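# Commentary on secondary and tertiary structure
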Number of protein chains: 2
Amino acid sequence: MDAGPELSTYLASLRLLIEERLKFDTELSGQCPQKLQEAIRYSLLAPGKRVRPCLALMACEACGGDIKSALPAASALEMIHCYSLIHDDLPAMDDDDLRRGRPTNHIQFGESTAILAGDGLLTLAFETLAKGISDPQVAIACVADLASAAGVEGMVGGQQADLEGEEIEEISLEHLESIHRRKTGRLLTAPLIMGGRIAGADLETLNNLKIYGESVGLAFQIADDLLDVVGDSRKMGKGVQKDADHGKATYPALLGLEESRKKANIIIEQACDAISGFGDRGNYLAALAKYTIERDH
Amino acid sequence: MDAGPELSTYLASLRLLIEERLKFDTELSGQCPQKLQEAIRYSLLAPGKRVRPCLALMACEACGGDIKSALPAASALEMIHCYSLIHDDLPAMDDDDLRRGRPTNHIQFGESTAILAGDGLLTLAFETLAKGISDPQVAIACVADLASAAGVEGMVGGQQADLEGEEIEEISLEHLESIHRRKTGRLLTAPLIMGGRIAGADLETLNNLKIYGESVGLAFQIADDLLDVVGDSRKMGKGVQKDADHGKATYPALLGLEESRKKANIIIEQACDAISGFGDRGNYLAALAKYTIERDH
């Protein structure tokens, strides 16, 4: 990931902590059937950008908290993200054979194990929060944050709306944004709120993190759509133009390439404004926001 | 449900509270796509025995707690049970078209919606606990209880082991019990512990409730196996002999009818012993334990 030398080094250091924690949290007892554990670790420990867990750690640190205290939340967030990918790839959903350049979970382990691996990861996410965050009040608030972001009014609802949207001939920009906000936006905002919460941030700070998260989430989606049109299939690890082939509504399709880029830039400015009060502590968050729309994969 | 006039009336009164709460907890915002909400309510509000939520309320009351304080836990438990049924019925899993005498969720709403309805219910269960239980310490302990019982070392792991077991020619009694303990036992024990926790029960009491739950769970499974052999298809709401047709290991197949009945009786005695210290407050729990093996559907 080329994110500028400083941000890049910082993110790499966060990822080391995250990988270690993900391994630790999936060292399950003999009560978990071996094949199921393998399937879970196959997807969860696959190389990935770890965007959501990184955001949680960064928000925690930006609010003056100890980065390690946010690791359970970081791990739980990646579990939720990972389960959603496993279920989204299923034949009845997006029917994908390839994910991050490797066979998808159901191709590797069979469909029933993939369904259960997803269910297991979703459940393990909440167990990880409950057992890993020491302050009960913070822990239960994080459970509420994560469930709300991942559930039927968030990510799961967004996926449903997305699948239903494929059947609609003309989709409006408003409808597209509402889908993205739920499908990907909420789970990019939750890490920031959870990380801030764990650091003991006040309500105003949490609200600024929320605005930052919503903006970065939307910009991230626009950038993803742009990469699907102009990206490099080798770097993306999946077929490009896949969305267009599926007839999915995208920003470039609705706004054009140039307008989409402009929109992404404005949104990233808003994200940086929201965290301007953090001063130097917010530098990495600001750099990440800018990187969101500059990345090439 | 014929459970003796007194127990029957008591359970009916609990069920009224539970139904009301389940309706309340699934009155979702417009952020949840309508079809998804329909699918969730179709399965969750379908007529059912509400065994797990009833156990939570009964344990709470047996420990001197206010029954209403256990309603969020009761609701969350039914959501977990319901999601597991939706996913278990999927074509890639048990491939069932009928559930409680009605088309299964994926037959009614399509496979992708059924997967998402299950994911949504699983997530909503934790949101319901987090938002519904007022004491953060009790709430987070309940999240841990439920996640542990429902996850890869509990119910999800049991379902995986069960599916793998179908491929094994000869299954031992020990292996069968280990599957049942995870697949159904843990989610019958969790309500008792959660209900007790909400009532403020001490560790010894929680442990007695655990023993009661494990025993009732096992007896319930043996009784279910027996009903599959000798039951009445109309009362059961599903085809009898279905397990035998699927080549699944059952207690009657491994122990014979008479030995299975004997085993169930001994286990129920153990369950009643565990709650003998509750005195009169434990009467309904004792009656329910006995009813578990006397029911005809």
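Located above this text is the structure these notes cover.
Structural notes, computed from the coordinates. Nothing here was measured: the structure is a model prediction, and the numbers come from that model.

### Considerations on the overall build of chain A
For chain A, the count of helices and strands is 15 helices and 2 strands. For 297 residues, the compact-globule estimate of 2.2 N^0.38 gives 19 Å, and chain A sits close to it at 18 Å. Reported as C-alpha extents along the three principal axes, the dimensions of chain A are approximately 50 × 50 × 35 Å. Summarising the internal contacts of chain A: among those between residues at least 6 apart in sequence, 72% fall at separations of at least 24. Averaged over its 30 positive side-chain charges, chain A has a centre that lies 4 Å from the centre of its 46 negative ones.

### Notes on the relation of the copies chain A and chain B
In screw terms, the move from chain A to chain B is a rotation of 180° and a rise of 0.0 Å along the axis, fitting with an RMSD of 0.0 Å. The two molecules are tied by a two-fold rotation axis, judged by turn and shift. Here 100% of the contact residues of chain A are again contact residues in chain B; the copies associate through an equivalent surface.

### What about the environment of Ser276(B)?
When you line up the elements, Ser276(B) lands in the loop between helix 14 (257-274) and helix 15 (283-294). Residues Ser276(B) and Met93(B) lie 183 residues apart in sequence; the distance between their C-alpha atoms is 40 Å.

### Let's talk about the pattern of salt bridges
In this structure the tally under the stated criterion is 24 salt bridges over all chains. For Glu19(A), the salt bridge goes to Arg50(A), with nearest N and O atoms at 2.7 Å. In this pair, Glu19(A) sits in helix 1 (residues 5-25) while Arg50(A) sits in the loop between helix 2 (34-44) and helix 3 (51-62), placing the two residues 31 residues apart along the sequence. Here Glu177(B) ties to Lys263(B) by a salt bridge, and the two come within 2.8 Å at their closest N and O atoms. You can see Glu177(B) sitting in helix 9 (residues 173-198) and its partner Lys263(B) sitting in helix 14, a full 86 residues away along the chain. For Lys263(B), a relative accessible area of 23% translates into the label partly exposed.

### Notes on the packing of helix 2 of chain A against helix 6 (residues 111-132) of chain A
Residues and elements named next belong to chain A. The geometry of helix 2 relative to helix 6 is characterised by a closest axis approach of 9 Å and an angle of 70° between their N-to-C directions. Classified by the angle between their axes, helix 2 and helix 6 sit roughly perpendicular to one another. For the pair formed by helix 2 and helix 6, the contact residues are Lys35, Leu36, Ala39, Ile40 and Leu44 on the first element and Thr113, Leu116, Ala117 and Leu121 on the second. When the residues that make up the contact of helix 2 with helix 6 are grouped by side-chain class, the tally is 7 nonpolar, 1 polar and 1 charged.

### Notes on helix 7 (residues 136-150) of chain B
Residue and element names in this part refer to chain B. When the terminal C-alpha atoms of helix 7 are compared, their 21 Å separation across 15 residues agrees well with the 21 Å that a helix rising 1.5 Å per residue should span. Within helix 7, 13 of the 15 residues are buried, which leaves the element mostly enclosed by the surrounding structure. Sitting at the head of helix 7, Asp135 places a side-chain oxygen 2.8 Å from the backbone nitrogen of Gln137.

### Here we look at a nonpolar patch on the surface
All names here are of chain A. Judged by side-chain polarity, Val229, Val230 and Leu257 come together as a nonpolar surface patch covering roughly 210 Å² of accessible area. Tracing the backbone through its elements, the reader meets Leu257 in helix 14 (residues 257-274). Looking at Leu257, the relative accessible area reads 32%, which means it is partly exposed.

### Side note on the interface of chain A and chain B
Reports of interface size often rely on the accessible area that becomes lost once the parts have come together. Listed by partner, the interface residues are 47 residues for chain A and 47 residues for chain B. Carbon and sulfur atoms make up 70% of the surface buried where chain A meets chain B, a total of about 4,000 Å² over both sides. There are 0 salt bridges connecting chain A and chain B. The interface formed by chain A and chain B includes 8 residue pairs in polar contact (both at pLDDT 80 or more). Of all the elements in the fold, those that place two or more residues in the side of chain A that touches chain B are helix 2, helix 4 (71-88), helix 6, helix 7 (136-150), helix 8 (155-165) and helix 9 (173-198) of chain A.

### Considering the state of the cysteines
Residue and element names in this part refer to chain B. For the coordinates displayed, the defined rule picks out 0 disulfides over all chains. With no disulfide of its own, Cys272 lies closest to Cys63 among cysteine sulfurs, the gap being 16 Å. Taking the relative accessible area as the measure of exposure, Cys272 reaches 17% and is therefore buried.

Conventions adopted
- Positions within a chain are numbered from 1, following the residues in the order the chain's sequence is written.
- Note on labels: chains are lettered from A, ligands numbered from 1, in written order.
- Restriction of local features to residues with pLDDT of at least 70 applies here, the model being predicted, together with a cutoff of 80 or more for giving and counting side-chain atom pairs; totals for whole chains, interfaces and linings are based on all residues.
- Hydrogens are left out, water is left out, and the side-chain values use all remaining heavy atoms of the structure.
- Helix numbering and strand numbering both begin at the N terminus, where a helix is a DSSP run of H or I of at least 4 residues and a strand a DSSP run of E of at least 2.
- C-alpha atoms define the radius of gyration in this analysis, and the globule rule sets the expected value at 2.2 Å times the number of residues to the power 0.38.
- Two residues qualify as a contact provided that any one of their heavy atoms is within 4.5 Å of a heavy atom in the partner residue.
- Only four residue types enter the tally: Lys and Arg on the positive side, Asp and Glu on the negative side; His and the chain ends are excluded.
- Note that the charge is assigned to NZ on lysines, CZ on arginines, CG on aspartates and CD on glutamates.
- The atoms used to superpose the copies are C-alpha atoms, taken from residues with pLDDT of at least 70 in both, and the fit is least squares.
- By definition here, a salt bridge exists when the distance from a side-chain nitrogen of Lys or Arg to a carboxyl oxygen of Asp or Glu is within 4 Å.
- Only protein chains enter the accessibility calculation, which uses a 1.4 Å probe; a residue whose area is less than 20% of its type maximum is buried, one above 50% is exposed, and one in between is partly exposed.
- Where helices are involved, their axes are fitted lines through C-alpha atoms of the stretch in contact, as for all axes, and angles between N-to-C directions lie from 0 to 180°.
- Orientation categories follow fixed angle ranges, with anything under 35 degrees roughly parallel, anything over 145 roughly antiparallel, 65 to 115 roughly perpendicular, and all other angles oblique.
- All amino acids are sorted into three groups, where Ala, Val, Leu, Ile, Met, Phe, Trp, Tyr, Cys and Pro are nonpolar, Asp, Glu, Lys and Arg are charged, and the leftover types, Gly among them, are polar.
- How far a helix is expected to stretch is found by multiplying one less than its residue total by 1.5 Å.
- Two N or O atoms form a polar contact when they lie within 3.5 Å of each other; inside protein one atom must be a possible hydrogen donor and the other a possible acceptor, and for residues adjacent in sequence the pair counts only when both atoms belong to side chains.
- Exposure above 30% relative accessible area and no salt bridge define the residues that can form patches, which grow by joining like charges within 9 Å and nonpolar side chains of Val, Leu, Ile, Met, Phe, Trp and Tyr within 5 Å.
- Here the Shrake-Rupley method, with its probe set to 1.4 Å, supplies the accessible areas, and only the displayed protein chains count as covering residues.
- Buried area: the accessible surface (1.4 Å probe) lost by two parts on joining, summed over both.
- Criterion for a disulfide: a pair of cysteine sulfur atoms within 2.5 Å.

So, to be careful, I would describe these as geometric facts and stop short of saying anything about function.
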